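Chains, contacts and geometry: an overview
The residues making up each chain are set out below.
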Amino acid sequence: QVQLVESGGGWVQAVGSLRLSCAASGRTFNSAVMGWFRQAPGKERVLISAINTNGAYTYYTDSVKGRFTISRDRSKNTGYLQMNSLTPEDTAIYYCAASTGTWSRLSERGNWNYWGQGTQVTVSS
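Structural notes, computed from the coordinates. Keep in mind that what you see is a predicted model, and the values were worked out from it rather than measured.

1. A word on the overall build of the protein chain
For the protein chain, the helix and strand inventory stands at zero helices and eleven strands. Along the chain direction, N to C, the helices and strands of the protein chain fall in the order β-β-β-β-β-β-β-β-β-β-β. Taken over C-alpha atoms, the radius of gyration comes to 13 Å for the protein chain, in line with the 14 Å a tight globule of 125 residues would show. Taken along the three principal axes of its C-alpha coordinates, the protein chain extends 40 × 25 × 25 Å. Looking at the protein chain residue by residue over its 125 residues, the buried ones come to 46%. When contacts within the protein chain are restricted to residue pairs at least 6 apart in sequence, long-range pairs at least 24 apart make up 58% of them. Put simply, the protein chain shows about 6400 Å² of open surface, and 47% of that area lies on carbon and sulfur atoms.

Have a look at this one:
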């Protein structure tokens, strides 16, 4: 079992930065793929970034490439999402998730076993 708790959200002006953290409990986390999803008002929850168990592989959706960086610290059971050059279009609730499934199934919501409660990110223009 894995429990995930996000932190680091908040309000920031455009072109600013935030770093989200995802603290995990449970031994499974370090053997799970970690991902960050976001859900904007009136829109579906979408995967924006993922990292495999040892950090060798990462995924970014096109809209965040070059601006966001995903990482994880296995010794701390914690994952991170560094978000730079934020725009109002990045405003959303951000969710941390973990998957014991395969890397090839990242885009499938059913592949993700564990979810955090979400943290709000608001970017003003």
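This is not the end of the story, as more comes after the structure.
2. Focus: the environment of glutamine 13
Within the fold, glutamine 13 resides in strand β2 (residues 10-13). Note: C-alpha distance between glutamine 13 and alanine 56 (43 residues apart in sequence) is 32 Å. The residues contacting glutamine 13, other than those within four sequence positions of it, are Val123 and Ser124.

3. Focus on the nonpolar core
Ranked by internal contacts, the top residues of the largest apolar core, which has 27 residues, are Leu4, Trp36, Phe68, Leu81, Met83 and Tyr94. For this core, the elements supplying multiple residues, two or more each, are β3 (18-25), β4 (33-39), β5 (46-51), β7 (68-73), β8 (78-83), β9 (92-99) and β11 (119-124). In this structure, Phe37, Tyr95, Ala97 and Leu106 belong to the second largest nonpolar core, which totals eight residues.

4. Description of the packing of aromatic side chains
Inspection of every chain in the model, using the stated rule, returns three aromatic pairs. Geometrically, the ring pair formed by phenylalanine 37 and tryptophan 112 is edge-to-face, given 5.3 Å between the ring centres and 90° between the ring planes. With phenylalanine 37 in strand β4 and tryptophan 112 in the loop between β9 and β10 (114-115), the pair connects residues that are 75 residues apart, well separated along the chain. Each of the two residues, phenylalanine 37 as well as tryptophan 112, counts as buried. Ring geometry for tyrosine 57 and tryptophan 103: centres 6.4 Å apart, planes at 45°, overall tilted. In this pair, tyrosine 57 sits in the loop between β5 and β6 (58-60) while tryptophan 103 sits in the loop between β9 and β10, placing the two residues 46 residues apart along the sequence.

5. Considering the pattern of salt bridges
Once the charged atoms of two side chains with opposite charge are near each other, the side chains can pair. Counted according to the given criterion, the structure contains four salt bridges. A salt bridge links arginine 38 to aspartate 90, with the shortest nitrogen-to-oxygen separation between them at 2.8 Å. Remark: aspartate 90 occurs in the loop between β8 and β9 and arginine 38 occurs in strand β4; sequence separation between them is 52 residues. Per residue, the accessibility class of arginine 38 equals that of aspartate 90, and both read buried. As a salt-bridge pair, lysine 65 and aspartate 62 come within 3.1 Å of each other at their nearest N and O atoms. Relative accessible area serves as the criterion here: at 62%, aspartate 62 is assigned to the exposed category. Among the charged side chains, a salt-bridge network with shared partners connects Arg38, Arg67 and Asp90.

About the criteria used
Residues numbered from 1 in each chain as written. Predicted model: local features only at pLDDT ≥ 70, side-chain atom pairs only at ≥ 80, totals over all residues. Heavy atoms only, no water. Helix = DSSP H or I, 4+ residues; strand = E, 2+ residues; numbered from the N terminus. Rg over C-alpha atoms; globule rule 2.2 N^0.38 Å. Buried < 20%, exposed > 50% of the residue type's maximum accessible area, 1.4 Å probe, protein only. Contact = heavy atoms within 4.5 Å. Areas by Shrake-Rupley, 256 points an atom, 1.4 Å probe, with all protein chains shown as cover. Core = buried A, V, L, I, M, F, W, Y, C linked by side-chain atoms within 4.5 Å. Phe/Tyr/Trp six-rings, centres within 6.5 Å; stacked < 30°, edge-to-face > 60°. Salt bridge = Lys/Arg side-chain N within 4 Å of Asp/Glu carboxyl O.

Function cannot be read off these values alone, since they describe shape.
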